[in-house]
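Listed below, chain by chain, are the residues.
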Amino acid sequence: MSRFGINLVAQRGAIAAYETKERWMPSMLEADRAARRDDRALREQIPGLELLVQPLRANYLAIDVSACGVHTDDIVDGMLREGLLIRSGACAAGASRTGLSA
């Protein structure tokens, strides 16, 4: 275990990833660019939608739907019917916010 609390397996994995990044980095960067294009398209398609954190660099999307005229519970229910699991931020951040964990 390192002084940062990282075990040997994690350290070796990080070194291997760093040493081979020329193989996987281009596809990861393209996936990131595609996700940002999707985010822009989403904002353009839904008037009033606001992304709370930008630029998006994580696997969690926090949005404010207060200007959309839709309650977060309705969004959660609709997404669940489509097979996507999201959670409402209503209990933590007000009824107008919801989060999508990808």
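Everything numeric here is computed off the predicted structure, so don't read it as measured data.

Explain helix α3 (residues 72–81) to me, and be specific about the residues and the numbers.
Along α3, the residues that are buried comprise Thr 72, Val 76 and Gly 78. In an axial view of α3, the angular spread of the buried residues amounts to 165 degrees, which keeps them on one side of the axis. Following α3 by one or two positions, Gly 83 has its phi on the positive side, about 90 degrees.

Help me get a handle on the environment of Glu 50, residues and values and all.
Inspection of the secondary structure puts Glu 50 in strand β1 (residues 50–51). For Glu 50, a relative accessible area of 42% puts it in the partly exposed group. Sequence spacing of Glu 50 and Ser 66 is 16 residues, and the spatial spacing of their C-alpha atoms is 8.7 Å. Excluding residues that lie within four positions of it along the chain, Glu 50 makes contacts with Ala 62, Ile 63 and Asp 64.

Which residues make up the confidence of the model for the chain, and what values go with them?
Of all residues in the chain, 78% attain a pLDDT of 70 or more, and the chain-wide mean is 78. Taken element by element, the chain is modelled with least confidence in strand β4 (residues 97–101), mean pLDDT 49, and with most confidence in helix α1 (residues 8–19), mean pLDDT 92.

Pulling in residues and values, what's your account of the pattern of salt bridges?
Taken as a whole and judged by the stated rule, the model has 3 salt bridges. Here Arg 33 ties to Glu 30 by a salt bridge, and the two come within 3.2 Å at their closest N and O atoms. Of this pair, Arg 33 and Glu 30 are both found in helix α2 (residues 21–45), 3 residues apart, which corresponds to roughly one turn of the helix. Residue classification places Arg 33 among the partly exposed residues on the basis of a relative accessible area of 38%. The shortest N-O distance in the salt bridge between Arg 37 and Glu 30 comes to 2.9 Å. Judged by its relative accessible area of 41%, Arg 37 is partly exposed.

How would you sum up the packing of α1 against α2? Please name residues and give values.
Between α1 and α2, the least distance of the axes is 6 Å, while the angle of their chain directions is 80 degrees. The angle between α1 and α2 places the two elements in the roughly perpendicular class. Every residue of α2 that contacts α1 at Ala 17, Tyr 18 and Glu 19 is listed here: Lys 21, Glu 22 and Trp 24. Looking at the contact of α1 with α2, its residues break down into 3 nonpolar, no polar and 3 charged.

Conventions and cut-offs
- Residues numbered from 1 in each chain as written.
- Predicted model: local features only at pLDDT ≥ 70, side-chain atom pairs only at ≥ 80, totals over all residues.
- Heavy atoms only, no water.
- Buried < 20%, exposed > 50% of the residue type's maximum accessible area, 1.4 Å probe, protein only.
- Helix = DSSP H or I, 4+ residues; strand = E, 2+ residues; numbered from the N terminus.
- Arc of directions from axis to C-beta.
- Contact = heavy atoms within 4.5 Å.
- pLDDT = per-residue confidence, 0-100.
- Salt bridge = Lys/Arg side-chain N within 4 Å of Asp/Glu carboxyl O.
- Axes fitted to C-alpha atoms, helices over the stretch in contact; angles between N-to-C directions.
- Parallel < 35°, antiparallel > 145°, perpendicular 65-115°, else oblique.
- Nonpolar A, V, L, I, M, F, W, Y, C, P; charged D, E, K, R; others polar.

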